Amino acid sequence: MKKILWATDFSPHAHDAGRQALDCAKCTDRPIDVLTVVAPDELPTFLLDVPDPFIAPAAVHDAERRLEAEHEERVRQELTSETRFLTDAGIQVALHIRVGSPADEIVRTATESASDLIVLGSHGRRSLTELLLGSTVESVTKHAPCPVLVVR
Ligand SMILES: Nc1ncnc2c1ncn2[C@@H]1O[C@H](COP(=O)(O)OP(=O)(O)OP(=O)(O)O)[C@@H](O)[C@H]1O
Ligand SMILES: [Mg+2]
């Protein structure tokens, strides 16, 4: 089945792109994959630079896994409310959360999900609007496996 991929970093620009994705989905009767990519440095870290001899490494690992799972749950909730306007409009939505470089993960997801359109904002959270385009969208348009719609 043909699908639209909307990638969001929760910025107003990305939200505008989501509105456009909704229009495309309505016209062509397609579901939307919604993706947000968490950069590794945004993950909560369990701050133990100096190993504590009284804490077993396995316990540290468990605590890290728990923090990651909690963080993912928070992001999933945020994504669910960010995409409510799509589900309210009757669009079939699948949520994706990935950790890594935003551009690489957007291209990878589009490839794996066989998306036939990627929808992005022209800028994102860092939003240096004097630049023509943000670096994520620039890299995605260079490497995408399908057409890219850049919304401004
Ligand atoms: N982490 C992310 N997860 C999902 N989509 C993203 C992410 N970052 C950016 N995007 C998508 O790319 C669009 C453009 O964002 P981009 O990161 O290119 O601009 P920027 O944040 O203003 O600039 P830069 O990151 O280069 O400093 C966003 O509107 C969004 O659609
Ligand atoms: Mg950015």
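About the criteria used
- Residues numbered from 1 in each chain as written.
- Chains lettered and ligands numbered in written order.
- Predicted model: local features only at pLDDT ≥ 70, side-chain atom pairs only at ≥ 80, totals over all residues.
- Helix = DSSP H or I, 4+ residues; strand = E, 2+ residues; numbered from the N terminus.
- Buried ≥ 20, exposed ≤ 12 C-beta atoms within 10 Å, placed from the backbone.
- Contact = placed C-beta atoms within 7 Å.
- Axes fitted to C-alpha atoms, helices over the stretch in contact; angles between N-to-C directions.
- Left-handed = near helix turned anticlockwise from the far one by under 90°.
- Nonpolar A, V, L, I, M, F, W, Y, C, P; charged D, E, K, R; others polar.
- Near = placed C-beta within 6 Å.
- Pairing = 2+ DSSP bridges.

*Asks:* Quick question: what am I supposed to make of the overall build of the chain here?
*Replies:* In terms of regular secondary structure, the chain is built from five helices and five strands. Along its sequence from the N terminus, the chain presents helices and strands in the succession β-α-β-α-α-β-α-β-α-β. Seen through its C-alpha atoms, the chain measures out along the principal axes to roughly 60 × 35 × 25 Å. For the chain, the proportion of its 152 residues judged to be buried stands at 26%. A fraction of 74% describes how many contacts in the chain between residues 6 or more apart in sequence connect residues 24 or more apart.

*Asks:* Quick question: what am I supposed to make of the packing of helix H4 (residues 102–112) against helix H5 (residues 135–143) here?
*Replies:* Remark: H4 packs on H5, axes separated minimally by 8 Å, with the N-to-C direction vectors making an angle of 35 degrees. The chirality of how H4 crosses H5 is right-handed. Contacts from Pro102, Ala103, Ile106 and Val107 in H4 reach Thr136, Ser139, Val140 and His143 in H5. Here the contact of H4 with H5 is built from residues that sort into five nonpolar, three polar and no charged.

*Asks:* Would you take a moment to explain unusual backbone geometry for this structure?
*Replies:* Leave glycine aside and you will find that most residues have negative phi; peptide bonds, for their part, are mostly trans. Phi at Asp29 is positive, roughly 55 degrees, even though this residue is not glycine. Relative to the assigned elements, Asp29 resides in the loop between helix H1 (12–28) and strand S2 (32–38). Backbone geometry at Ala114 places phi at a positive 55 degrees, although glycine is not the residue there. Summarising the element assignment, Ala114 is placed in the loop between H4 and strand S4 (115–121).

*Asks:* What is the right way to look at the site of ligand 1 in this model?
*Replies:* Around ligand 1, 23 residues are found, and the nearest of them are Gly121, Gly124, Arg126, Gly134 and Ser135. Broken down by secondary-structure element, the contributors of at least two residues to the shell around ligand 1 are H1, S2, S4 and H5. Taken together, the residues of the shell around ligand 1 break down into nine nonpolar, 11 polar and three charged.

*Asks:* Before we go on, may I ask you to explain the environment of Leu133 in this structure?
*Replies:* Residue position: Leu133 is located in the loop between S4 and H5. Given 17 C-beta atoms within a 10 Å radius, Leu133 is considered partly exposed. Sequence separation of Leu133 and Thr36 is 97 residues, and the distance between their C-alpha atoms is 19 Å. Apart from residues lying up to four places away in sequence, Leu133 is in contact with Ser122, Glu138 and Val150.

*Asks:* Where do I start with the sheet that holds strand S5 (residues 148–151) in this structure?
*Replies:* Remark on secondary structure: sheet strands pair via backbone hydrogen bonds, oriented parallel or antiparallel. Taken together, five strands build an open sheet; the order of strands is S3-S2-S1-S4-S5 and the sheet is parallel. Only two strands of the sheet have a single neighbouring strand rather than two, namely strand S3 (93–99) and S5. Strand-to-strand, the axes of this sheet are offset by a mean angle of 25 degrees, without reference to chain direction. Sheet topology places strand S1 (residues 3–7) next to S4; four bridges connect them, and they run parallel. Bridge pairing links Trp6 to Val119 in S4. Contacts from H5 reach S4 and S5 within the one sheet, and its direction differs from that of S5 by about 160 degrees.

Read these as spatial facts, not as claims about activity.
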